[in-house]
Amino acid sequence: MEGLDEMMYGLIEERRAAGTPEGGAKDLLDMLLAARDEETGEGMDDRELRDEIVTTFAAGHETTAVTLSWAFYLLSQHREVLRRAQEEVDRELGDRMPTVEDLRRMPYLLQIFEEALRLYPSAPIVPRLTLRDTVLGGHHVPKGSRVLVNLFNIHRHPRHWADPERFEPDHFAAAERKGRHRFAHMPFGAGPHLCIGKHFALMEAHLLLATLIRRYDFRHVPSHRVVNHATITLRPKYGMVMTLHERRHAVPGTGAPAAAGAPAD
Ligand code: HEM
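Residues numbered from 1 in each chain as written. Predicted model: local features only at pLDDT ≥ 70, side-chain atom pairs only at ≥ 80, totals over all residues. Heavy atoms only, no water.

## Some remarks on the environment of Arg 104
Here is step 1 of the chain: Residue placement: Arg 104 occurs in the loop between helix H4 (79-93) and helix H5 (107-119).
Here is step 2 of the chain: Assessed through its relative accessible area of 69%, Arg 104 is described here as exposed.
Here is step 3 of the chain: With 106 residues separating them along the chain, Arg 104 and Ala 210 place their C-alpha atoms 12 Å apart. (Helix = DSSP H or I, 4+ residues; strand = E, 2+ residues; numbered from the N terminus. Buried < 20%, exposed > 50% of the residue type's maximum accessible area, 1.4 Å probe, protein only.)

Structure (structure tokens):
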């Protein structure tokens, strides 16, 4: 906590000293610094700011990162899916880096991320507190109970998914989505506490998949054991050991073509 506080309070101090950037807030911290209570007109104190940025940092960092690890692992195991993703990226981007405008022309990449979130939801359990007595699945649940909603199991429930254990990004093709229960896939939760970073995370992951798939082929090191491990997030217990192999495209900024299949650093 000391290390984290030092970093967060350091950021706040730095920004306060720099003042509001010309042309208005540039990022979330600027916005939080500029925010004023509608009734009192007061801004947040350092403790309130620190709490806001720690929450955003903690909730927003590992969730997306760990899902990308699972996505690259799944791609390494399903070469036909990887090939289709490479075709989409090559067709839309060629030799350039992706921008947000490119994303809607690369729907298959997003389907890959959504399917990775189905099989390995990075927040596998969502807690709730019952506000009144209720009945769940035939069980009486008294008011004030802590209930854990198991997203991992819902995402693999045979009532909602054909062949639920299989990695199949076409589960998220437009036609397949129709008629599916709206809570059969809820990696970002549901209701008033729905993840505030959902759209940011999807955009970030989509851009990262496009950037990395364009440049590298991902191969899992076969001797490395992959075991999922549910803590607060769903992590690969022993990490994810993979090798990256440059694809044929030019390395951005150098103009030099990269040799196909050569291992990268
Ligand atoms: C793949 C990435 C992510 C996943 C799977 C994920 C998942 C979730 C889930 C399951 C919840 C709980 C929802 C509920 O209780 O119903 C949640 C809440 C939250 N998430 Fe995310 N999240 C992701 C990325 C992010 C990012 C990028 C940010 C911020 C930049 C973020 C910020 C938050 C915050 C602040 C909450 C609490 C919302 C509230 O209680 O009102 N998350 N997220």
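What follows picks up the thread again.
## Let's talk about the coordination of the iron atom of the ligand
Here is step 1 of the chain: Within the protein, a single donor atom binds the iron atom of the ligand, namely Cys 195 (SG) at 2.3 Å.
Here is step 2 of the chain: Positionally, Cys 195 belongs in the loop between helix H7 (174-177) and helix H8 (198-215). (Donors = N, O, S within 2.8 Å, 3.2 Å for Na, K, Ca; no water.)

## Some details on the site of the ligand
Here is step 1 of the chain: Near the ligand there are 21 residues, and of these Ser 122, Val 126, Arg 128, His 193 and Cys 195 occur at the shortest range.
Here is step 2 of the chain: For the ligand, a nitrogen atom lies 3.4 Å from a polar atom in the backbone of Ala 59.
Here is step 3 of the chain: In the model, an oxygen atom of the ligand is placed 3.5 Å from a nitrogen or oxygen of the Ala 190 main chain.
Here is step 4 of the chain: Broken down by secondary-structure element, the contributors of at least two residues to the shell around the ligand are helix H3 (46-77), strand E1 (125-129) and H8.
Here is step 5 of the chain: Residue contributions to the shell around the ligand peak at six residues, all from H3.
Here is step 6 of the chain: Grouping the constituent residues of the shell around the ligand by class yields eleven nonpolar, nine polar and one charged. (Near = heavy atom within 4 Å. Polar contact = N/O pair within 3.5 Å; in protein donor to acceptor, adjacent residues only side chain to side chain. Nonpolar A, V, L, I, M, F, W, Y, C, P; charged D, E, K, R; others polar.)

## Description of helix H1 (residues 2-18)
Here is step 1 of the chain: With 17 residues, H1 should cover 24 Å at 1.5 Å per step; its first-to-last C-alpha distance of 24 Å lies within 8% of that length.
Here is step 2 of the chain: Positive backbone phi, approximately 75°, marks Gly 19, located one or two places after H1. (Expected span 1.5 Å × (residues − 1).)

## Examining the pairing of strand E5 (residues 216-220)
Here is step 1 of the chain: Within E5, four of the five residues are buried, which leaves it mostly tucked inside the rest of the structure.
Here is step 2 of the chain: Across five bridges, the pairing between E5 and strand E8 (residues 242-246) is antiparallel. Within E8, the residue paired with Arg 219 across the bridge is Thr 243. (Pairing = 2+ DSSP bridges.)

## Some thoughts on the packing of H1 against H3
Here is step 1 of the chain: Interhelical geometry of H1 versus H3 gives an angle of 115° and a closest axis separation of 10 Å. At the point where H1 passes H3, the crossing takes the right-handed sense. Of the residues in H3, those touching H1 at Leu 4, Asp 5, Met 7, Met 8, Tyr 9, Ile 12 and Arg 16 are Asp 46, Arg 47, Leu 49, Arg 50, Ile 53, Val 54 and Phe 57.
Here is step 2 of the chain: Of the residues in the contact of H1 with H3, the class split is nine nonpolar, no polar and five charged. (Axes fitted to C-alpha atoms, helices over the stretch in contact; angles between N-to-C directions. Left-handed = near helix turned anticlockwise from the far one by under 90°. Contact = heavy atoms within 4.5 Å.)

## Brief notes about the pattern of salt bridges
Here is step 1 of the chain: Applying the stated criterion across every chain yields a total of 21 salt bridges.
Here is step 2 of the chain: The partner of Asp 170 in a salt bridge is Arg 84, with the nearest N and O atoms 3.0 Å apart. Taken together, the positions of Asp 170 in the loop between helix H6 (151-154) and H7 and Arg 84 in helix H4 put the pair 86 residues apart, joining distant regions of the chain.
Here is step 3 of the chain: On the basis of relative accessible area, Asp 170 is assigned to the partly exposed category, the value being 25%.
Here is step 4 of the chain: Arg 84 sits in the partly exposed class, given a relative accessible area of 37%.
Here is step 5 of the chain: Of the charged contacts, one joins Arg 105 and Glu 92 as a salt bridge, the two residues approaching to 3.1 Å between their closest N and O atoms. Taken together, the residues span a long stretch of sequence, with Arg 105 in the loop between H4 and H5 and Glu 92 in helix H4 at a distance of 13 residues.
Here is step 6 of the chain: You can call Arg 105 partly exposed: its relative accessible area is 31%. (Salt bridge = Lys/Arg side-chain N within 4 Å of Asp/Glu carboxyl O.)

Any functional reading would require information beyond the geometric quantities listed.
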